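Listed below, chain by chain, are the residues.
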Amino acid sequence: MNNPELWGPLKSRYQDPNSQHRLLAFDGGGIRGLITLGMLETIEGLLAEKSGGRDQFRLSQWFDYVAGTSTGAIIAAGIARGMSVRELIQFYRDNGVAMFESTHLMQRLVSFYQADPLRKKLSAVFGEDTTLEPDHLKCLLLVVTQNITTDSPWPISSNPEAVYNDPRRKDCNLRIPLWQLVQASTAAPVYFPPEILK
C-alpha cells in the first residue's frame with residue numbers, strides 16, 4: 001500500500017504487507033450460479049459458527065479479494081457489497097426468470113436474451129450510484145469482462161492503487177457503476193447484447 005488515503009474504510013484491512021489474504025473466484029454459467037451459491041451457503045454457515053456471529057457474518061469478512069465473470073460477477077459483486085449468501089440466493093430465485101427473458105424472434109440475430117430486465121435487477125440490488133470506490137465495498141473485487149474491440153479479457157479491479165484506478169484520470173475505472181460493470185461481464189456474446197463501458 002503506497003497511498004493509504006486512497007483506501008478509505010478498507011485501509012486498516014489491507015495496510016499490513018505481511019498479512020496473508022484469502023481469495024475467492026467464480027466462473028460463469030447463468031442460472032447455474034445457484035449451485036455455486038448452495039455451496040457458499042454451507043461455507044458461510046461454517047465460518048459464521050467459527051466466528052460466533054451467525055446472523056451478522058458475511059463472506060466479505062473472511063475473503064479479502066473476490067472475483068468473478070458472468071454469473072460469477074453477480075455473486076462476487078454481492079459478496080463484495082456485504083450481502084449474505086442467503087440474500088444472493090433469494091435474488092436469483094426472485095429474478096432468475098426475468099433476467100433470462102427471451103428476445104423477440106427478429107432480435108435473436110443479435111442475442112437470445114434481453115438486457116433490460118437484467119439491467120433493472122442489477123441496478124436495483126447493487127444501487128444505481130454504487131461504484132468500485134472503497135466506500136462502496138467491504139472487500140476488494142475483480143470483475144472480468146471482454147473488450148470486444150481487441151477480443152481480449154478486460155479484468156477490472158477495485159484496488160485503489162491499480163494503474164487505471166487513479167482518481168486523477170478522467171477514465172478512472174473506480175467510477176464505473178457496479179451494476180453496469182457486472183452487466184458487461186454477463187453480456188456473453190450471442191446470449192446478451194453487449195454493454196458499452198466508456
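Within every chain, residues take consecutive numbers counted from 1 along the sequence as written. Reporting of local features is limited, given that this is a predicted model, to residues whose pLDDT is at least 70; pairs of side-chain atoms are given and counted only at 80 or more, and all residues count toward the totals for whole chains, interfaces and linings. To get the side-chain values, take all heavy atoms of the structure and skip hydrogens and water.

Enquirer: Got a minute to help me understand unusual backbone geometry in this structure?
Expert: Trans peptide bonds make up most of the peptide bonds, and negative phi angles are found at most residues other than glycine. Here serine 70, not a glycine, exhibits a phi torsion of approximately 55°, which is positive. Here serine 70 lies in the loop between β2 (65–69) and α4 (71–80). Accessible area is worked out with a 1.4 Å probe on protein chains only. A residue is then buried under 20% of its type maximum, exposed over 50%, and partly exposed in between. Overall, the relative accessible area of 17% leaves serine 70 in the buried class. The backbone of aspartate 151 shows a phi angle near 55°, a positive value even though the residue is not glycine. Strands are runs of DSSP state E lasting at least two residues, helices are runs of H or I lasting at least four, and both sets are numbered from the N terminus onward.

Enquirer: What is the right way to look at the packing of helix α2 (residues 33–51) against α4 in this model?
Expert: If you want to describe how two helices pack, look at the angle between their axes and the distance between the axes. Simply put, an axis is a line fit to the C-alpha atoms, just over the touching stretch for a helix, and the angle between two N-to-C directions goes from 0 to 180 degrees. Axis separation between α2 and α4 bottoms out at 9 Å; the angle between their running directions is 35°. In terms of crossing hand, the pair formed by α2 and α4 is right-handed. From α2, Gly33, Thr36, Leu37 and Leu40 reach across to α4, where they touch Thr71, Ile75 and Ile79. Three classes are used: nonpolar for Ala, Val, Leu, Ile, Met, Phe, Trp, Tyr, Cys and Pro, charged for Asp, Glu, Lys and Arg, and polar for all others, with Gly counted as polar. The class makeup of the residues in the contact of α2 with α4 is four nonpolar, three polar and no charged. With the far helix as reference, a near helix turned anticlockwise by less than a right angle produces a left-handed crossing, and one turned clockwise produces a right-handed crossing. We call two residues contacting when some pair of their heavy atoms lies within 4.5 Å.

Enquirer: Is there a simple way to explain α4 in this structure?
Expert: Since the α-helix turns once every 3.6 residues, residues separated by three or four places project in the same direction. Among the 10 residues of α4, 10 are classified as buried, and the element is accordingly described as predominantly covered. Residues of α4 that are buried include every one of Thr71, Gly72, Ala73, Ile74, Ile75, Ala76, Ala77, Gly78, Ile79 and Ala80, and no others.

Enquirer: Mind showing me how you'd approach the confidence of the model for the protein chain here?
Expert: For residues with low pLDDT, the predicted coordinates do not support detailed interpretation. The pLDDT score gives, residue by residue, the confidence of the prediction method on a 0 to 100 scale. On average, residues of the protein chain score 84 in pLDDT, and 84% of them reach the 70 mark or higher. Looking at the elements of the protein chain, mean pLDDT is at its lowest for helix α6 (residues 116–126), recorded as 81, and at its highest for β2, recorded as 96. A low-confidence stretch, residues 103–113 stays under pLDDT 50, and its non-local contacts, those more than four residues away or across chains, total 21 contacts.

Enquirer: What exactly am I supposed to notice about the pattern of salt bridges here?
Expert: Opposite charge on two side chains permits pairing when their charged atoms draw close. The term salt bridge refers to a pairing of a side-chain nitrogen on Lys or Arg with a carboxyl oxygen on Asp or Glu at a separation within 4 Å. Inspection of every chain in the model, using the stated rule, returns four salt bridges. Of the charged contacts, one joins arginine 86 and glutamate 41 as a salt bridge, the two residues approaching to 3.8 Å between their closest N and O atoms. With arginine 86 in helix α5 (residues 85–99) and glutamate 41 in helix α2, this residue pair connects regions lying 45 residues apart in the sequence. Using a relative accessible area of 57% as the deciding quantity, one classes arginine 86 as exposed. The exposure class of glutamate 41 is partly exposed, given its relative accessible area of 34%. Measuring nitrogen to oxygen at the nearest pair gives 2.7 Å for the salt bridge that ties arginine 168 to aspartate 166. When its relative accessible area of 75% is taken as the criterion, arginine 168 is described as exposed.

Enquirer: Quick question: what am I supposed to make of the sheet that holds strand β1 (residues 23–26) here?
Expert: One key point about sheets: their strands pair by backbone hydrogen bonds, in either a parallel or an antiparallel sense. When DSSP finds two or more bridges between two strands, those strands count as paired. Pairing is mixed across the open sheet formed by four strands, whose spatial order is β1-β2-β3-β4. In this open sheet, the two edge strands, each paired with only one partner strand, are β1 and β4 (152–157). In this sheet, neighbouring strand axes are inclined to one another by 20° on average, regardless of whether the strands run parallel or antiparallel. Packed on one face of the sheet, helix α7 (residues 178–186) meets β2, β3 (140–147) and β4 and runs near 50° to β3.

Enquirer: Help me understand the packing of α4 against α7, please; the structure alone is not making it clear to me.
Expert: Put simply, α4 and α7 touch, their axes get as near as 7 Å, and they point 155° apart. Of the possible angle classes, the one that applies to α4 and α7 is roughly antiparallel. Side by side, α4 and α7 meet where Thr71, Ala73, Ile74 and Ala77 of the first sit next to Leu178, Val182, Ser185 and Thr186 of the second. The residue makeup of the contact of α4 with α7, split by class, is five nonpolar, three polar and no charged. Any angle that is under 35 degrees is reported as roughly parallel, and any over 145 degrees as roughly antiparallel; angles of 65 to 115 degrees are reported as roughly perpendicular and all others as oblique.

Enquirer: Honestly, the packing of aromatic side chains in this entry has me stumped. Any pointers?
Expert: The geometry of two aromatic rings is summed up by the distance between their centres and the angle between their planes. Any pair of Phe, Tyr and Trp rings, taking the six-membered ring for Trp, is counted once the centres come within 6.5 Å. Such a pair is stacked with planes under 30 degrees apart, edge-to-face with planes over 60 apart, and tilted for the rest. Under the defined criterion, the tally for this structure stands at two aromatic pairs. Geometrically, the ring pair formed by tryptophan 7 and tyrosine 14 is tilted, given 5.4 Å between the ring centres and 35° between the ring planes. For the pair tryptophan 7 and tyrosine 14, a shared accessibility class is recorded, and that class is buried. Ring geometry for phenylalanine 91 and tyrosine 92: centres 5.9 Å apart, planes at 85°, overall edge-to-face. Each member of the pair, phenylalanine 91 together with tyrosine 92, is buried. Lying across the ring of tryptophan 62, arginine 22 places its NZ or CZ 3.5 Å from the centre. We call a charge positioned above a ring when the Lys NZ or Arg CZ atom is no farther than 6 Å from the ring centre and deviates by at most 35 degrees from the ring normal.

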